[in-house]
Amino acid sequence: MSSSGEEMPNEDEPNTIDLMNSINLMEFSDEILLHILSYIPSTDLILNVRRTCRKLATLCLDKSLTHTVLLHRDYQASEDKVKQLVREIGKEIHQLNMAGCYWLSGTTIEHVTRCRNLVKVNLSGCHLTSIRLSKMLSALQHLRSLAIDVNPGFDASQLSSECKATLSRVLELKQTLYTPSYGVVPCCTSLEKLLLYFEILDRTREGAILSGQLMVGQSNVPHYQNLRVFYARLAPGYINQEVVRLYLAVLSDRTPENLHAFLISVPGSFAESGATKNLLDSMARNVSLDALQLPKSWLNGSSLLQNMKFNNPFYFSFSRCTLSGGHLIQRVINGGKDLKSLASLNLSGCIHCLSPDSLFRKAEDDIDSSILETLVMSCCNLKHLNLSAAHHHSSEDLGKHLCQLLAQLQHLRSLSLPVCSIADSAPKADKAPTQMVTNAVPRGFGKKVRIGVQTYPRTMSSESVTQKPSSVFWTLLENVPFLETLELIGSNFSSAMPRNEPAIRNSLPPCSRAQNVGDAEVAAIGQLAFLRNLTLAQLPSILTGSGLISIGLQCQQLQTLSLANLGMMGKVVYMSALSDMLKHCKQLKDLRLEQPYFSANAQFFQALSHCSSLQRLCIISRSGTLQSDAVMSFMGSCLGLIMCHMFTGESLTACKNLQQSIVRSFQAERPALNVVIFPLLHEGLTDVIRDVPHDAPG
């Protein structure tokens, strides 16, 4: 020790900096290096890294790296890079994912024919004609899994006999329909897994009404005899319902003996027909399912669930059904039957699912905690649970709080809850001091008061951060530390720009209990060190957004963030806290902000520029404003940003000028760049949105 009391460095011990400088990456084992290389995009790996030294030249061609190539969301994969990649390792690729590569031309996509050993290929969102598809599939004789889009102009008669031979061996097919058609389904005579996405618009761009009847030459009967999985997801619109009925008609004639997963996702109502009733009756008699999802109108008031047989089910979805808690326990859980196999349960919009019955009950009435307790005990291995779009209010006097019961589900990886469900049911006098202070602040004043920032400071050394608040929500999150996806959405929330629906709808006011959820509860989310996806919508009692800072500091894995209607609707109260938060979000790739009167100014974009991984940005703001020079400066500094979508209160002229400036300045160096800037209330918004490419999930 020195005379001052400080410890002197030991000259015999190696200096940390010197030690770091002496480490040679090439001295690591091949196994470690291969693991590191697996995180590098395939185009960069093969075209750049491989050329650095002999050892990496060999490792980059290892089967573990070339067997599966992922180009989905590899926005730097230009036409030339993709062509060169396929030329160099095409024969080694067995699985290729090009989903959502909307920027690549058809001629580039056609180079897939060089990958003659392909077993699985995903071409969803790629530009393909019938003739080009035929040529590609004719060369892929080993193909067993295929994903494609069926666009207007598709003609199955243009498929060659060699193409049909390949399709006859396909076992898995994902098909997204933008026009009424069977697509390639009739050619896939060995199908075991069929995933259908119906995205057909009711009217053409010119306003003509489409018919759901299939065109001549497309009415060949699908072959379902080997089918094990049937999944259909419908976008809104009557024509999608018409077309899916044609697919289901064949199933109703003869239900496949090996069917074990039957899932249909439909927004709104979908009337049950004679054919679908026959199908369900046949399924109840002849098959045992492990995954089920049906339109709400098929289940409401039906005894179907009581007759259906299940075998170690792993997925149930009863979204928007009027299923009561009594029916849920009796018919699904079978009075507390062991359902340890169940991994995913969707009860979104099931407003009575935690109450004994739905008769004479208001949606806002308290839940019966014993029903949730039975559910938690029976389905103790749940990984994904959705209880959103309902009022699940815990009683102040009877049973445990919803959060206390959900805390027992320690395997949870994703959780979606209504905001009002996490409010403490205890009287306000019993609440944590931070919550009492937060709620005591008057809301009518325009002066910016940074209440709560001192409670959740930016430095992690403060004692207030380490102190454990007494809220039930904090306790819940403490017990599910490996949660990766969290959604807190107001029971009455409706987006100003919902998918495939009119742009503006009249929204209902927030639930009264949601007024008890504020900055302290948001700060509790900071406990989730593994959080990757976060959605917060319709939290009216956000006063400063101070809890966002805690999330930014501690949730270092956060990749997707969606914020909507936080605090008072008349002004943006959390801009300063959001700016502080964004400075720490180094892994953030997707940001969606929906907030009236949002000012996308220099302060906001300067903070956002710290998000060095950002790829997609969407701002939706009624009466919101844009600062054009700040946007341009941000686009120049955030080199990875590819999708820039902004819908605000700016004029059409201002929006067009800014959009053109961005495209002119950055399109050449970012081939996948997609920019849409448009007034939110403009009558032409629907046509603009339909041209936005579907960044399809891989």
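Residues numbered from 1 in each chain as written. Predicted model: local features only at pLDDT ≥ 70, side-chain atom pairs only at ≥ 80, totals over all residues. Heavy atoms only, no water.

## Here we look at the overall build of the protein chain
The condition is simple: A run of H or I in DSSP counts as a helix once it spans at least four residues, and a run of E counts as a strand once it spans at least two, with each numbered from the N terminus. For the exposure calls, accessible area comes from a 1.4 Å probe over protein chains only, and a residue counts as buried if that area is under 20% of its type's maximum, exposed if over 50%, partly exposed in between. Only heavy atoms enter the contact rule, under which two residues are in contact if any of them lie within 4.5 Å. Note on areas: Shrake-Rupley with a 1.4 Å probe; residue coverage comes only from the protein chains shown.
Each helix and strand counted, the protein chain has 26 helices and 22 strands in total. Each of the 698 residues in the protein chain was classed as buried or not, and the buried ones make up 52%. In the protein chain, of all internal contacts separated by at least 6 residues, the share reaching a separation of at least 24 is 76%. Total accessible area computed for the protein chain in this model is approximately 31500 Å², and 51% of it derives from carbon and sulfur atoms.

## Some points on helix α19 (residues 472–479)
Of the positions making up α19, those classed as buried are V472, F473, W474, L476 and L477. Considering only its buried residues, α19 is in contact with α16 (402–406), β13 (414–418), β14 (485–489) and α20 (519–524).

## Brief notes about the pattern of salt bridges
Here is the rule we go by: Note on definitions: salt bridges are taken to be side-chain nitrogens of Lys or Arg within 4 Å of carboxyl oxygens of Asp or Glu.
Taken as a whole and assessed by the stated rule, the structure comprises 12 salt bridges. A salt bridge links E88 to R50; its shortest N-O distance comes to 2.1 Å. With E88 in helix α6 (residues 79–89) and R50 in the loop between α3 (42–47) and α4 (54–59), this pair connects stretches of sequence that are 38 residues apart. Between D281 and K277 there is a salt bridge whose closest N-O contact spans 3.3 Å. Taken together, the residues span about one helical turn, with D281 and K277 both in helix α11 (residues 274–286) at a distance of four residues. The exposure class assigned to D281 is partly exposed, which follows from its relative accessible area of 32%. One network of salt bridges, in which partners are shared, links R50, R51 and E88.

## Looking at the packing of aromatic side chains
Within a pair of aromatic rings, the relevant descriptors are the distance that separates the centres and the angle that separates the planes. Convention followed: Pairing of aromatic rings covers Phe, Tyr and Trp, the last through its six-membered ring, and needs centres within 6.5 Å; plane angles under 30 degrees mean stacked, over 60 mean edge-to-face, and all others mean tilted. Throughout this description, the term charge over a ring refers to an Arg CZ or Lys NZ atom that lies within 6 Å of the ring centre and within 35 degrees of the ring normal.
By the definition in use, this model includes 14 aromatic pairs. Counting every residue linked through ring pairs, the aromatic cluster contains F598, F604, F605 and F634. It is K174 that lies over the ring of Y197; its NZ or CZ is 5.0 Å from the centre.

## Some points on the confidence of the model for the protein chain
Here is the rule we go by: The pLDDT score gives, residue by residue, the confidence of the prediction method on a 0 to 100 scale.
When the pLDDT values of the protein chain are averaged, the result is 87; 87% of them are 70 or greater. Across residues 215–219, where pLDDT falls below 50, the model places five contacts with residues more than four positions away in sequence or in other chains. Note on residues 426–467: pLDDT is under 50 here. Beyond four places in sequence and across chains, it has 57 contacts.

## Some thoughts on the packing of helix α10 (residues 238–253) against α11
In plain terms, the rule: Axis angles are defined between N-to-C directions and span 0 to 180 degrees, where every axis is a line fitted to C-alpha atoms and, for a helix, only to the segment in contact. Roughly parallel means an angle under 35 degrees; roughly antiparallel, over 145; roughly perpendicular, 65 to 115; everything else is oblique. Should the near helix be turned anticlockwise from the far one by less than a right angle, the crossing is left-handed, and should it be turned clockwise, the crossing is right-handed. When residues are grouped by polarity, Ala, Val, Leu, Ile, Met, Phe, Trp, Tyr, Cys and Pro land in nonpolar, Asp, Glu, Lys and Arg in charged, and all others, Gly among them, in polar.
Contact pair α10 / α11: the axes reach a minimum separation of 9 Å and the direction vectors enclose 45°. The angle between α10 and α11 places the two elements in the oblique class. For the element pair α10 and α11, the recorded crossing hand is left-handed. Contacts between α10 and α11 pair R245, L248, L251 and S252 from the former with A275, T276 and L279 from the latter. Along the lines of polarity and charge, the residues of the contact of α10 with α11 split into four nonpolar, two polar and one charged.

## A look at the environment of V119
Counting through the fold element by element, V119 comes out in the loop between α7 (106–109) and β3 (120–122). Taking the C-alpha atoms as reference points, V119 and I93, 26 residues apart in sequence, are found 8.7 Å from one another. Once you skip the residues sitting within four places of it in the chain, V119 turns out to touch H94, H142, L143, R144 and S145.

## Let's talk about the pairing of strand β5 (residues 172–177)
Just so we agree on the cut-off: Think of it this way: DSSP has to see at least two bridges between two strands before they count as a pair. Here the term right-handed applies to a crossover when the path leading from its first strand over the helix to its second strand runs clockwise, the strands being oriented away from the viewer.
For β5, the buried fraction is high: five of the six residues fall into the buried class. Where strand β4 (residues 145–150) meets β5, six bridges bridge the pair, whose relative direction is parallel. Among the inter-strand pairings, I148 is bridged to a residue of β5, identified as Q175. Chirality of the crossover, the property in question, places the unit of β4, helix α9 (residues 161–168) and β5 among those that are right-handed.

## A closer look at the side chain of S355
In this fold, S355 is placed in the loop between β11 (344–346) and α15 (369–378). The class of S355 is buried, set by a relative accessible area of 2%. Here S355 is in contact with S324, G325, G326, R361, D366, I367, D368 and I371, once residues within four sequence places are set aside.

## Thoughts on the side chain of R513
Heads up, the condition is: In protein, a polar contact means a hydrogen-donor-capable atom and an acceptor-capable atom, both N or O and within 3.5 Å, with residues adjacent in sequence counting only if both atoms are side-chain atoms; elsewhere, any N or O pair within 3.5 Å suffices.
Position of R513 relative to the elements: it lies in the loop between β14 and α20. Engagement of the side chain of R513 in a polar contact is seen with the backbone oxygen of S394, the distance being 2.9 Å. R513 has contacts with D366, H393, S394, C420 and A423, leaving out every residue within four places of it along the chain.

## Details of the pairing of strand β9 (residues 288–293)
Counting buried positions over the six residues of β9 gives five, a clear majority of the element. One ladder, built from three bridges, connects strand β8 (residues 261–265) with β9; its direction is parallel. Pairing of A261 across the sheet is with A291, part of β9. Chirality of the crossover, the property in question, places the unit of β8, α11 and β9 among those that are right-handed.

## So, unusual backbone geometry
Phi at N312 is positive, roughly 45°, even though this residue is not glycine. Relative to the elements of secondary structure, N312 occurs in strand β10 (residues 309–317). Of note, N565 is a non-glycine position whose phi angle comes to about 50°, a positive value. For N565, the position within the fold is in strand β16 (residues 560–566).

## Focus on helix α8 (residues 130–138)
Along α8, the residues that are buried comprise S130, L133, S134, M136, L137 and S138. Buried residues belonging to α8 abut α7, β4 and α9.

## Quick look at a nonpolar patch on the surface
Filter applied, for reference: Each patch is built from residues lacking any salt bridge and having more than 30% relative accessible area; the joining distance is 9 Å for like charges and 5 Å for nonpolar side chains (Val, Leu, Ile, Met, Phe, Trp, Tyr).
On the surface, a cluster of nonpolar side chains totalling about 410 Å² of accessible area is made up of I23, L25, F28, I32 and I36. Tracing the sequence through the fold places F28 in the loop between α1 (16–22) and α2 (30–37).

## Structural notes on the packing of helix α24 (residues 628–637) against helix α25 (residues 652–666)
Direction vectors running N to C along α24 and α25 enclose 25°, while the axes themselves pass 11 Å from each other. As summarised for this structure, α24 and α25 are arranged roughly parallel, according to the angle between their axes. Crossing hand, α24 versus α25: right-handed. Here α24 contributes S628, V631, M632, M635 and G636 to the contact with α25, which in turn contributes L658, S661, I662, S665 and F666. Broken down by class, the residue content of the contact of α24 with α25 amounts to six nonpolar, four polar and no charged.

## Here's the deal with the nonpolar core
Here is a general trend for soluble globular proteins: nonpolar side chains tend to be buried in one another's company. Our working definition: Among buried residues, the Ala, Val, Leu, Ile, Met, Phe, Trp, Tyr and Cys ones that are joined through side-chain atoms within 4.5 Å form a nonpolar core.
One finds M98, F230, F262, F318, L406, I525 and F604 to be the most contacted residues of the largest nonpolar core, which totals 187 residues. Considering each element in turn, this core owes the most residues, seven residues, to α10.

## Side note on the environment of W298
Mapping W298 onto the fold places it in helix α12 (residues 296–299). C-alpha separation for the pair W298 and T276, spaced 22 residues apart in sequence, amounts to 8.9 Å. In contact with W298, other than residues within four places in its own chain, are L248, F262, I264, F270, A271, E272, T276 and L280. One polar contact links the side chain of W298 to the main-chain carbonyl oxygen of F270, over a distance of 3.0 Å.

## Some points on the environment of T113
The topology assignment puts T113 in the loop between α7 and β3. Overall, T113 belongs to the buried group, its relative accessible area being 17%. With residues near it in sequence (within four places) discarded, T113 still touches K135, M136 and A139.

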